[in-house]
Amino acid sequence: MKFFVDTADVDAIRELHALGMVDGVTTNPSLILKSGRDILEVTKEICSFVEGPVSAEVVALTADEMIAEGRKLAEIAPNIAVKVPLTWDGLKTCKVLSGEGKMVNVTLCFSANQALIAAKAGATFISPFIGRLDDINMDGMDLIADIRQIYDNYGFDTQILAASVRSANHVTQCALVGADVMTAPPAVIKALASHPLTDKGLEQFMKDWAKTGQKIL
Ligand code: G3P
């Protein structure tokens, strides 16, 4: 499973990138707001060191305007994936931009049918939001599993990009049901290294080592 990092915080991306944890990046208007940066400038900076797909989202609501915005975003770098919302106009935009050879990430997906039509419109990535379904007492992971089965049934090559990932357990479940990619905030990715038994074991080793009176260096 590929790891994308869901942030426009360049320092956080660089830290994870140095460890080989960044197969790509996803951003959205809320994350651009949080960064306090200009969308074109920050996206260009991210693309200067991230080799994999970097999603940048359009903000227009009509297909003609979305297509124009998508073309402008795609000019930033060859690894831009234009992110469009799962609306009828977003699907029209997906069809046109994917026909031009651009990567397209169709976002705000909350149903298997939405994922099915995004694949038919030529989406490179479909972004089902797990956490936001969990928030309304539905099972976001069931949606990932349903999309996996549908795409496999018909050989769609649209990649399932599990989004709105909020916990380490979400990451495990995404890997078990076969998401192609998961995108998570830096804190969730860093939390994957944590285990209380690791902390407890290390504490004991340090206590015993101190008693030996030895040094390695
Ligand atoms: O990738 C989409 C993600 O940013 C949404 O996450 O936690 O706001 O639902 P969240």
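Residues numbered from 1 in each chain as written. Predicted model: local features only at pLDDT ≥ 70, side-chain atom pairs only at ≥ 80, totals over all residues. Heavy atoms only, no water.

Strand order in this closed barrel of eight strands is β1-β2-β3-β4-β5-β6-β7-β8, and the pairing throughout is parallel. For this sheet, the mean angle separating the axes of adjacent strands, direction not counted, is 30°. Two strands pair when backbone bridges link them, and strand β1 (residues 2-6) and strand β2 (residues 24-26) are joined in this way by three bridges, in the parallel orientation. Counted as the bridge partner of Asp 6 is Thr 26 from β2. Set on the sheet, helix α3 (residues 39-47) makes contact with β2, β3 (54-57) and β4 (80-85); between it and β3 the angle comes to about 170°. (Pairing = 2+ DSSP bridges. Helix = DSSP H or I, 4+ residues; strand = E, 2+ residues; numbered from the N terminus. Axes fitted to C-alpha atoms, helices over the stretch in contact; angles between N-to-C directions. Contact = heavy atoms within 4.5 Å.)

What the rule picks out here adds up to 11 salt bridges. Of the charged contacts in the structure, one is a salt bridge between Lys 102 and Glu 100, with a shortest N-O distance of 2.8 Å. In this structure Glu 100 comes out as partly exposed when scored by relative accessible area, which is 34%. (Salt bridge = Lys/Arg side-chain N within 4 Å of Asp/Glu carboxyl O. Buried < 20%, exposed > 50% of the residue type's maximum accessible area, 1.4 Å probe, protein only.)

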